[in-house]
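# Understanding the architecture of this molecule
Each chain is listed here by its residues.
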Amino acid sequence: MTIKKRNIPIDILRIMAIIFVITGHFMIHNSSFHTELIVKGNVSYFPNAALYSVLILGVNVFLLISGYFGIHSYKKFFYFLSATYTVAVITSIFCITMRIPYTIKFMLFLFSTFWFIGVYLVLLLFAPIINKSVDLIDKREFYIFISTYLIVWGIQDTFANTGYIAMNNGYSIFHAIAMHFVGGGIRKFQIEKSCSRWGIFLFIFSLVLENTLFLVFLQFGKSFMIDNLYAYNSLFTVISAIGLLFIFSNIHLKKNIPGKIKYILFLIADATLFIYLLDSSQLCQYFRSLAIKRSSYIILYVILVFSISVLTKQTFDSLYRKLETFAFSKIKQSNLYHTYYERFRRL
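So, a few notes on the structure that sits alongside this text. (Residues numbered from 1 in each chain as written. Predicted model: local features only at pLDDT ≥ 70, side-chain atom pairs only at ≥ 80, totals over all residues. Heavy atoms only, no water.)

## Digging into the overall build of the chain
Scanning the chain from terminus to terminus reveals 19 helices and zero strands. Classification of the 347 residues of the chain by burial places 47% in the buried group. In the chain, 83% of the contacts between residues at least 6 apart in sequence involve partners at least 24 apart. (Helix = DSSP H or I, 4+ residues; strand = E, 2+ residues; numbered from the N terminus. Buried < 20%, exposed > 50% of the residue type's maximum accessible area, 1.4 Å probe, protein only. Contact = heavy atoms within 4.5 Å.)

## Here's the deal with the pattern of salt bridges
Pairing between side chains of opposite charge can happen when the charged atoms of each approach one another. A complete count under the given rule lists four salt bridges for this structure. Taking the shortest distance from any N to any O, the salt bridge between aspartate 11 and arginine 14 comes out at 3.8 Å. A residue pair is termed a helical-turn pair when its members lie 3 or 4 positions apart in one helix, as aspartate 11 and arginine 14 do in helix α1 (residues 8-29) at three residues. Judged by relative accessible area, aspartate 11 falls into the buried class, the value being 2%. Across the pair lysine 313 and aspartate 270 runs a salt bridge, and its minimum N-O distance is 3.2 Å. Of this pair, lysine 313 sits in helix α18 (residues 295-333) while aspartate 270 is found in helix α15 (residues 259-270), placing the two residues 43 residues apart along the sequence. Taking relative accessible area as the criterion, lysine 313 reaches 6% and is therefore assigned buried. With relative accessibility at 25%, the residue aspartate 270 sits in the partly exposed group. (Salt bridge = Lys/Arg side-chain N within 4 Å of Asp/Glu carboxyl O.)

## Observations regarding the packing of helix α8 (residues 115-136) against helix α10 (residues 173-188)
Across the interface, α8 lies against α10 with an axial gap of 9 Å and an inter-helix angle of 40 degrees. Between α8 and α10, the interaxial angle falls into the category oblique. Pair α8 / α10 crosses with right-handed handedness. Every residue of α10 that contacts α8 at Val119, Val122, Leu123, Phe126, Ala127, Ile130, Asn131, Ser133, Val134, Asp135 and Leu136 is listed here: Ile173, Ala176, Ile177, His180, Phe181, Gly184, Gly185 and Lys188. Residues of the contact of α8 with α10, tallied by class, amount to twelve nonpolar, five polar and two charged. (Axes fitted to C-alpha atoms, helices over the stretch in contact; angles between N-to-C directions. Parallel < 35°, antiparallel > 145°, perpendicular 65-115°, else oblique. Left-handed = near helix turned anticlockwise from the far one by under 90°. Nonpolar A, V, L, I, M, F, W, Y, C, P; charged D, E, K, R; others polar.)

## Structural notes on a nonpolar patch on the surface
Among the surface-exposed residues, Tyr74, Phe78, Val122, Leu125, Phe126 and Ile129 lie close enough to one another that they form a single nonpolar patch of about 550 Å² accessible area. Considering every element that reaches the nonpolar patch, the biggest residue donor is α8, with four residues. Along the chain, the position of tyrosine 74 falls in the loop between α4 (57-69) and α5 (75-97). With relative accessibility at 41%, the residue tyrosine 74 sits in the partly exposed group. (Patch = residues over 30% accessible without salt bridge, like charges linked within 9 Å, V, L, I, M, F, W, Y side chains within 5 Å. Areas by Shrake-Rupley, 256 points an atom, 1.4 Å probe, with all protein chains shown as cover.)

## Description of the packing of α4 against helix α14 (residues 235-249)
In the contact formed by α4 and α14, the axes pass within 9 Å of each other and the chain directions differ by 55 degrees. Considering the angle they form, α4 stands oblique to α14. In this structure, α4 meets α14 at a crossing whose hand is right-handed. Contacts from Leu57, Asn60, Val61, Leu64, Ile65 and Tyr68 of α4 reach α14 at Thr237, Val238, Ser240, Ala241, Ile242, Leu244, Leu245 and Ser249. Here the residues of the contact of α4 with α14 sort into ten nonpolar, four polar and no charged.

## Side note on the packing of aromatic side chains
One pass over the structure, following the stated rule, counts 27 aromatic pairs. Residues tyrosine 79 and phenylalanine 316 carry aromatic rings whose centres are separated by 5.4 Å and whose planes lie at 70 degrees to one another, so their mutual orientation is edge-to-face. Here tyrosine 79, found in helix α5, pairs with phenylalanine 316, found in helix α18; they are 237 residues apart in sequence, far enough to count as distant. Both residues of the pair, tyrosine 79 and phenylalanine 316, belong to the buried class. (Phe/Tyr/Trp six-rings, centres within 6.5 Å; stacked < 30°, edge-to-face > 60°.)

## Structural notes on the state of the cysteines
Counting across every chain of the model gives zero disulfides. Note on cysteine 284: no disulfide assigned, nearest cysteine sulfur contributed by cysteine 95 at a separation of 8.7 Å. Judged by relative accessible area, which is 6%, cysteine 284 ranks as buried. (Disulfide = S-S within 2.5 Å.)

## A look at unusual backbone geometry
In this structure, arginine 99 is a non-glycine residue whose phi angle is positive, near 55 degrees. Mapped onto the elements of the fold, arginine 99 is located in the loop between α5 and α6 (105-108). Look at glutamine 190: it is not a glycine, yet its phi comes out positive at around 50 degrees. Among the secondary structure elements, glutamine 190 is positioned in the loop between α10 and α11 (191-194). Classification of glutamine 190 as partly exposed rests on a relative accessible area of 43%.

If you want it as structure tokens, here you go:
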């Protein structure tokens, strides 16, 4: 997609989402936030909880956007897989060279380390089927699906903690498929346009209600509900993310953005996968633990991660395109290609 055809507001939303993810990693992995807030129920951490209720939206926003624009090719699966292992190998080499604490299991079992990548790779395989499902349903069936999902896995799983329908707090392929489906349905039925005025309301009201319930649960000692409250599949997290998609999909820029700014936004938005991979690596986990000590270091850390990721993405894409062209040309020249292509064509 060329820069002129890019949806700038959605690109900004992508960048916001990855900033949410990185900041969330700081809060969860490099501070006492989770222990003090959820385990001990420390009310003084309420401002942190309010901030986290926004940061947790990042993953759902990415999943909704993927469904909103659709994934129409299996080529993306191989691209994502190659990118994941490329970043893992490079960061592992740096860890070993710089003598940073490192375990080989990190690279060997990437899908347990990068939970989102493992889920997203499976989603890439299912995406064409999900897209066809979206094409086949009508508006009434779509509303039934999203209502059922919000009630069963949003409300009941948050408040009742029912194990038999639990989704591991949204860390699951089923939640990713559901969000992709919802994003596709929103685009198909143009719900974001008919509900354009509801975006800000859904976003703010869900967050206010979510954080009010936090104080209520804290008062009654329902710590397990607090954990569920800030889950990816929480009713409030899902609705707030949908609200954000409504807001940014209805932004129409009246003034032309300077070309250089458009280009920078394009580069960062296009490199969000690499930003996530780099930030989640053991290399960056080490530097993140150092950066947390001073706010100025955190800003420097984010700038460096963004810059390195953009450069890595540009270099990787150039090499990947050449390798893809070379591999495909060799496959087309083989006898097996012609044999199986002819059989497939006759089906």
